[in-house]
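This is what each chain is made of:
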Amino acid sequence: MKPFVDTDSVMRVIWGKSDTTLFIFAGASAEFALNKAVDWLYYTGRLPADPLGRLFSTVLYARDIVFADEENALKAIDRITAIHRGVEGNRGYAIPAWAYRDVLFMLIHYSIASFELLERPLLEPEKQEVFQVFFRVGQRMGIPDLPPTYAAWTRARMEHISRDLARSHYTVDLFRQYRRHLGRLRYVLLREVQRRLVPDPVRRMLDMQPFSWLPPVLFAYKASRSIHLDRFLKSLLVPRTYLGQVRELDIQPVAVSALHA
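So, a few notes on the structure that sits alongside this text. (Residues numbered from 1 in each chain as written. Predicted model: local features only at pLDDT ≥ 70, side-chain atom pairs only at ≥ 80, totals over all residues. Heavy atoms only, no water.)

**Quick notes on the side chain of His109**
As for its position among the elements, His109 is in helix H7 (residues 97-118). Setting aside its immediate chain neighbours within four residues, His109 contacts Trp153, Arg157, Leu197 and Pro199. (Helix = DSSP H or I, 4+ residues; strand = E, 2+ residues; numbered from the N terminus. Contact = heavy atoms within 4.5 Å.)

Below is the structure:
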């Protein structure tokens with residue numbers, strides 16, 4: 001069957017490595033906390049009860065779509081749409097279209113930013129590949145007013161950040177829940193990863209200083225991969241509840257440095 005994402009696409013490299021996927025999760029968890037529509041995620045009670053599981057499930061849905069054939073990817077997208085329509089029906093009004101766009105925009109941004117932080121700068125055509133995959137997802141979901149090109153998305157992204165994000169009591173509560181579920185050490189590491197991934201306006205809203213001690217830690221972690229020590233380090237840094245799921249994220253162990261060589 002025809003794959004939803006071409007087998008030689010950089011998207012399969014980005015989403016086929018647990019390291020990158022976890023960083024996407026980390027960045028999105030920061031921006032989720034600022035979104036003005038985050039009350040929708042509080043409505044069912046699932047987000048404050050299990051913020052890591054709720055956000056992780058969003059990332060896993062995206063990962064599964066990337067590696068599915070076209071028929072099953074479209075079915076997965078339709079299931080996501082149906083779930084949201086059910087929540088809208090229970091609450092009695094619709095989730096704003098801009099909130100749907102914001103989630104897609106986050107997945108585009110953190111896919112690119114996470115890979116570049118962990119691996120190498122992406123070429124412009126590769127960034128366009130990332131955009132096109134999520135553009136197709138948004139089209140299938142019926143999300144209106146999607147930017148048609150990567151260049152248009154970069155402009156729309158900054159407009160959405162300035163218009164749709166704000167610090168609120170939900171922000172404070174979500175970060176409190178992150179700390180409670182992760183523990184002190186993992187929480188401190190999460191904040192450092194977020195500091196390196198989020199756009200400057202998001203960093204300022206979250207009162208994050210630009211200085212980070214993460215670069216030497218990342219250098220050491222990358223070195224550990226060459227001697228297969230990274231698996232042990234993940235077992236220390238990832239809560240036991242999610243460790244099995246994290247290990248399953250390594251779908252396609254591709255030598256990223258060889259891609260598009």
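**A look at the environment of Tyr100**
Tracing the sequence through the fold places Tyr100 in helix H7. It is 8.2 Å that separates the C-alpha atoms of Tyr100 and Gly138, two residues lying 38 residues apart in sequence. Apart from residues lying up to four places away in sequence, Tyr100 is in contact with His84, Arg85, Glu88, Ile95, Met141 and Ile143. There is a polar contact of 3.1 Å between the side chain of Tyr100 and the side chain of Arg85. (Polar contact = N/O pair within 3.5 Å; in protein donor to acceptor, adjacent residues only side chain to side chain.)

**Some words on the packing of aromatic side chains**
If you walk through the whole model with that rule in mind, you get 5 aromatic pairs. Aromatic pair Phe105 and Trp153: ring centres 6.3 Å apart, planes at 90°, arrangement edge-to-face. Taken together, the positions of Phe105 in helix H7 and Trp153 in helix H9 (residues 150-164) put the pair 48 residues apart, joining distant regions of the chain. A residue is classified by how much of its surface remains accessible, and Trp153, at 4% relative accessible area, is buried. Grouping aromatic residues by their ring pairs yields a cluster made of Phe105, Tyr150 and Trp153. In this structure, Arg136 is placed above the aromatic ring of Phe4, and the distance from its NZ or CZ to the ring centre is 3.9 Å. (Phe/Tyr/Trp six-rings, centres within 6.5 Å; stacked < 30°, edge-to-face > 60°. Buried < 20%, exposed > 50% of the residue type's maximum accessible area, 1.4 Å probe, protein only. Lys NZ or Arg CZ within 6 Å of the ring centre and 35° of its normal.)

**With respect to the pattern of salt bridges**
All told, the structure shown has 16 salt bridges when counted by the stated rule. Close ionic contact of Glu70 with Arg136 constitutes a salt bridge, the shortest N to O distance being 3.9 Å. Residue Glu70 is located in helix H6 (residues 70-91), and its partner Arg136 is located in helix H8 (residues 124-141); the two are separated by 66 residues in the primary sequence. With a shortest N-O distance of 3.2 Å, Arg176 and Asp173 are connected by a salt bridge. Taken as a pair, Arg176 and Asp173 lie in helix H10 (residues 169-182) at a separation of 3 residues, close to a single helical turn. For Asp173, a relative accessible area of 17% puts it in the buried group. (Salt bridge = Lys/Arg side-chain N within 4 Å of Asp/Glu carboxyl O.)

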